[in-house]
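# Examining the three-dimensional arrangement
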Amino acid sequence: MIARRPLREVISEPAEPVLRRTVWAVAGILRVITRQDWRAMEKVPKSGGVVFVVNHISNFDPVAYGHYLTWSGRWPRFLAKDAIFRVPVLGWIATNAGQIRVHRGGPTAHQAVIAAQQAIQRGQSVSVYPEGTITADPQTWPMTGRTGAARIALATGCPVVPVGQWGAQEVLPGKKLTWPRILPRKTMRVMAGDPVELDDLRGRAVTPELLDEATDRILDAITVLVAELRGEQPPPDRWDLKLRRRVPIRGVRR
């Protein structure tokens, strides 16, 4: 089973020592407390700048997704909320493991996008939750998103690879941190997809409408993967966090 292969056999790109050690330690725990149902790992580019976009369903899903991504050949480097960096120990790890700090709503909010672009130009990968937070959808489907991933992709020209996941919400349901539900062992289902088609949007003036179109395509691609992992048909509309209701999907889900 690939999840039990030594780390040195599955990933060759360089990483910060703290990131490497943290991933190795967390993976050892995850192999014991969870099962892995990993699909389409061959669709994860093994080198070069890339944005991975993934649905957010639980406080547990960063480690479940990061486990999959690492054993697919790439290090997990997230755009992460500023609050994480202020947590003792966790904040030190995030800082020294190459994670990108996001200050929302302030004068320095754009710096996270710039830092992500620079990482991609260095040939690294960046993982982004387009929804910006754990989904508020009552049925846990991807909800409306923020435009950060679209901005990064359009500015750099890098591929945008969607990843769907399901199962982490059974370990830590909801947004509040609780004691993990590890028994019986839960299965972490994760699946990568083909790059999101954005070529027709590149080179055009960046407008709110353009960013919304790119973001809708990204969320549609993720939703298709989540639907396959769940074995269910997704709803025809999308939950809007601000309006607290479902709204029509502007794009065409493929």
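This section reports on the structure supplied with the text. Bear in mind that the values here come from a model prediction, so they are computed numbers and not experimental data.

## Considering the overall build of the protein chain
Counting its regular elements, the protein chain contains eight helices and nine strands. With respect to the principal axes defined by its C-alpha atoms, the protein chain has extents near 45 × 40 × 35 Å. When each of the 254 residues of the protein chain is scored for burial, the buried share is 52%. Summarising the internal contacts of the protein chain: among those between residues at least 6 apart in sequence, 75% fall at separations of at least 24. For the protein chain, the exposed surface amounts to about 12500 Å²; the carbon and sulfur share of it is 56%.

## A closer look at the sheet that holds strand β5 (residues 125-128)
Pairing between the strands of a sheet comes from backbone hydrogen bonds, and it takes one of two forms, parallel or antiparallel. If you trace the five strands from one edge of the open sheet to the other, you get β1-β7-β6-β2-β5, paired in mixed fashion. Both outer strands of the open sheet, β1 (34-39) and β5, are each paired with one neighbouring strand and no more. Taking each pair of neighbouring strands and ignoring which way they run, the sheet shows an average axis angle of 20°. For strand β2 (residues 50-54) and strand β6 (residues 160-166), the ladder comprises four bridges, and the chain directions are parallel. What sits directly across from V51, in β6, is V160.

## Considering the pairing of strand β9 (residues 245-248)
Pairing between strand β8 (residues 237-240) and β9: four bridges, direction antiparallel. Looking at the pairing, D237 lines up with P248 of β9.

## Some remarks on the layout of surface pockets
Estimated volume of the largest pocket: approximately 1700 Å³. Taken together, 50 residues make up the lining of the largest pocket; nearest its centre are P62, F78, A80, I84 and Y129. Those elements that provide at least two residues to the lining of the largest pocket are α2 (17-33), α3 (61-71), β3 (79-81), α4 (82-85), α5 (90-96), α6 (110-121) and α7 (148-156). Per-element accounting of the lining of the largest pocket gives the leading share, eight residues, to α2. Size it by volume and the second largest pocket reaches roughly 520 Å³. Forming the walls of the second largest pocket are 20 residues, and the residues nearest its centre are T144, G145, R146, D240 and K242. Elements supplying a minimum of two residues to the lining of the second largest pocket: α8 (208-230), β8 and β9. Tallying contributions element by element places α8 first for the lining of the second largest pocket, with four residues. Residues that form the lining of the second largest pocket fall into these classes: six nonpolar, six polar and eight charged.

## Digging into the packing of aromatic side chains
Summed over all chains, the structure comprises three aromatic pairs. A ring pair is formed by Y65 and F78, whose centres lie 5.7 Å apart and whose planes are at 70°; its orientation type is edge-to-face. One end of the pair, Y65, is in helix α3; the other, F78, is in the loop between α3 and β3, with 13 residues separating them in the sequence. Neither Y65 nor F78 differs from the other in exposure class; each is buried. An aromatic cluster of at least three residues, connected via ring pairs, comprises Y65, F78 and Y129. The cationic tip of R230 hangs over the ring face of W141; the distance from NZ or CZ to the ring centre is 4.0 Å. For R230, the ring lying beneath its charged end belongs to W166, and the centroid distance is 4.1 Å.

Reading the values: rules and limits
Residues numbered from 1 in each chain as written. Predicted model: local features only at pLDDT ≥ 70, side-chain atom pairs only at ≥ 80, totals over all residues. Heavy atoms only, no water. Helix = DSSP H or I, 4+ residues; strand = E, 2+ residues; numbered from the N terminus. Buried < 20%, exposed > 50% of the residue type's maximum accessible area, 1.4 Å probe, protein only. Contact = heavy atoms within 4.5 Å. Areas by Shrake-Rupley, 256 points an atom, 1.4 Å probe, with all protein chains shown as cover. Pairing = 2+ DSSP bridges. Axes fitted to C-alpha atoms, helices over the stretch in contact; angles between N-to-C directions. 1 Å grid on protein atoms, 1.4 Å probe; cavity = no way out; pocket = protein on both sides within 12 Å on 5 of 7 lines; lining within 4 Å. Points joined across faces, edges and corners; volume = space filled by probe spheres on them. Nonpolar A, V, L, I, M, F, W, Y, C, P; charged D, E, K, R; others polar. Phe/Tyr/Trp six-rings, centres within 6.5 Å; stacked < 30°, edge-to-face > 60°. Lys NZ or Arg CZ within 6 Å of the ring centre and 35° of its normal.

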